[in-house]
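Summary of structural features
So the chains spell out like this:
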Amino acid sequence: MKLIDTDIHERVSYEQLLPYLEQPWKRYITDSNWVQEKHMPYTQPAVAGVDRADAKVPDGRPAGSDLGFLQEQLLDANNHEYGILTGALDPSPSSMHGWYEMATALASAYNDWQIDHWLERDERLYGSVHIAAQDPAGAVREIERVGSHPKMVQILLPIDDILWGDPYYHPIYEAAQKYDLMIAMHHNEPPVYFGKWPRYFIEWHTLIPTSHMNQVTNMIFSGVFEKFPRLKLMMIEGGFTYAPFLMRKMDQQYKDLRHEVPWVKRMPSDIVCEHLCFTTQPLEELKKWEMMQMIDQMGSDRNIAFSTDYPHWDYDSPERALPPGLDDELRRKIFSENARNFYPKLP
C-alpha cells in the first residue's frame, strides 16, 4: 500500500540557515558564536544516539540531512506517496526561553530553507510552518508570510513547558484556520509541562504520552475547538493507545464538572473524534484484538495516521508497525486515507 508518513525529521544546521538570516541575527551566530542551550541531559542508549545507525549519510553527514539519501532509504524503499516534514532543530524556536526576536528570525529562516531544499525538490514532501509562538503577533506574521504556500500543511508547536490552550495563543489558531493549516504538536525536551527531567532516559521515553495528554486536555477544556470549529490537531510521536483512556476520563470529568468550563458544549470524546488525529509511532507491540479494542474504545477508526519517525532510532517500519491480520480497509485508512482526510492541502 502507498504510505502517507506524518512524521519525517529533516535535519538542518545553523550554517545552512545563514543564507536565510538577515543582520544582526546572522552575525550573532558567525561572530558571537551564539548557540541554543543543550536540550537533553542523557546519552540515548542506542548505537547512533538519537538516530538509526544506517540513516547516517554515507559521506558522514548526520541522518536526515541529505534529500537524495532520504529519498532512497525512506520514500522510495517504502512506496511513500507523501511525507510530512516535522524538522530537527533542537530546541525549536518556540522553546527558546528568551530572545524571541532571534527565535522568530530562526523560524523564518527555517521555513525558507525547508521550502527551497525539500518541498520544491520532491513532489511527495509537505512541510510544517515553524514559528516562535512565545510572541503570537510575530508568529501570526510568519504564518501570513508562508502559510499560503501550497505545500505547507500545518503549524508546528513543541510540547514542553507551555500549555497551548491558553487564550494568549489563540491568534495563532485563528491564522491557522484562515490558511487551512492544521496544528501539529511534537514533544520537545523536556516534554513535561512542569519542566523537570526524569532520572533516566527510559523514564522520559516511557512517559512521553503523559505530556501529550496534558496538551489534549488543555486544548479541549480551554475551548479552542469551540472557538475555532475548523481547527484540527495532530499529536505526533506519542502513539495513540493513551487516547481511549483519556477520552473516557475527560467525559467522566465533564459530566461532573462542566459548570467550570461552560464554553465547552460537547462531550470531550466527540471533540477528539472530530478534531484530533494521533500518529502511530511509537506503537507498542499490539495483537490484532488489542488494536481493534483500542479503535472500538476510541469510537472511530479515522483518528490514527501512520508515521515512521525517520531517521530516529525508534523508527517504525511500515512492514512491522501494525499488528498482522488487520483487514485491508483498516490498513489503508491508517497508512494513508486518514492523513489525506485530515490535511486539506494533500491531493
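For the structure itself, look to the data block above.
Notes on the structure follow. (Residues numbered from 1 in each chain as written. Predicted model: local features only at pLDDT ≥ 70, side-chain atom pairs only at ≥ 80, totals over all residues. Heavy atoms only, no water.)

The subject of this paragraph is the overall build of the chain. Helix and strand content of the chain: 13 helices and 8 strands. Here the C-alpha radius of gyration of the chain, 19 Å, is about what a compact globule of 347 residues would show, namely 20 Å. When the backbone C-alpha atoms are referred to their principal axes, the chain occupies close to 60 × 45 × 45 Å. Buried residues in the chain amount to 58% of all 347 residues. Sequence separation of 24 or more characterises 81% of the internal contacts of the chain that already satisfy a separation of 6 or more. Put simply, the chain shows about 15,300 Å² of open surface, and 50% of that area lies on carbon and sulfur atoms. The centroid of the 34 positive side-chain charges in the chain is displaced by 3 Å from the centroid of its 51 negative side-chain charges. (Helix = DSSP H or I, 4+ residues; strand = E, 2+ residues; numbered from the N terminus. Rg over C-alpha atoms; globule rule 2.2 N^0.38 Å. Buried < 20%, exposed > 50% of the residue type's maximum accessible area, 1.4 Å probe, protein only. Contact = heavy atoms within 4.5 Å. Areas by Shrake-Rupley, 256 points an atom, 1.4 Å probe, with all protein chains shown as cover. Lys, Arg positive; Asp, Glu negative; His and termini not counted. Charge placed at Lys NZ, Arg CZ, Asp CG, Glu CD.)

The next point concerns the packing of aromatic side chains. All told, the structure shown has 18 aromatic pairs when counted by the stated rule. Measuring from centroid to centroid gives 5.5 Å for Y82 and Y126, while their planes differ by 85°, and the two rings are edge-to-face. Here Y82, found in strand 2 (residues 80–85), pairs with Y126, found in strand 3 (residues 125–130); they are 44 residues apart in sequence, far enough to count as distant. With respect to class, Y82 is no different from Y126; both count as buried. Centre to centre, the rings of F342 and Y343 are 5.1 Å apart; their planes meet at 85°, and the pair counts as edge-to-face. Here the aromatic cluster, defined as three or more aromatic residues joined through ring pairs, consists of Y14, W25, Y28, W34 and W99. Of note, K151 hangs over the ring of Y126, and the distance from its end group to the ring centre comes to 5.0 Å. (Phe/Tyr/Trp six-rings, centres within 6.5 Å; stacked < 30°, edge-to-face > 60°. Lys NZ or Arg CZ within 6 Å of the ring centre and 35° of its normal.)

This brings us to the packing of helix 10 (residues 243–257) against helix 11 (residues 268–275). To characterise two packed helices, one gives the angle between the axes of the helices and the distance between these axes. Look at helix 10 against helix 11: their axes get within 7 Å of each other, and the N-to-C directions meet at 135°. The angle between the axes of helix 10 and helix 11 places the two elements in the oblique class. Packed against helix 10, whose contacting residues are M247, M250, D251 and Y254, the element helix 11 presents P268, S269, V272 and C273 at the interface. Tallied by class, the residues present in the contact of helix 10 with helix 11 amount to 6 nonpolar, 1 polar and 1 charged. (Axes fitted to C-alpha atoms, helices over the stretch in contact; angles between N-to-C directions. Parallel < 35°, antiparallel > 145°, perpendicular 65-115°, else oblique. Nonpolar A, V, L, I, M, F, W, Y, C, P; charged D, E, K, R; others polar.)

So, about the sheet that holds strand 3. Overall, parallel pairing links the 8 strands, which are arranged 1-2-3-4-5-6-7-8 in an open sheet. Each of the sheet's edge strands pairs with one partner strand only, and the pair in question is strand 1 (3–8) and strand 8 (304–305). The pairing of strand 4 (residues 152–159) with strand 5 (residues 182–187) spans 6 bridges and is parallel. Each bridged residue has a counterpart across the sheet, and for P158 the counterpart in strand 5 is H186. The sheet strands contacting helix 3 (residues 67–76) are strand 1, strand 2 and strand 3, and the helix crosses strand 1 at an angle near 130°. Strand contacts of helix 13 (residues 328–342): strand 1, strand 2, strand 5, strand 6 (233–236), strand 7 (276–279) and strand 8, with the helix running at about 75° to strand 1, the strand carrying the most contacts. (Pairing = 2+ DSSP bridges.)

The subject of this paragraph is the pairing of strand 7. The side-chain alternation of strand 7 yields two buried faces, one formed by L276 and F278 and the other by C277 and T279. The pairing of strand 6 with strand 7 spans 3 bridges and is classified as parallel. Considered in strand 7, the bridge of M235 is made with F278.

All we've got here are geometric facts, nothing functional implied.
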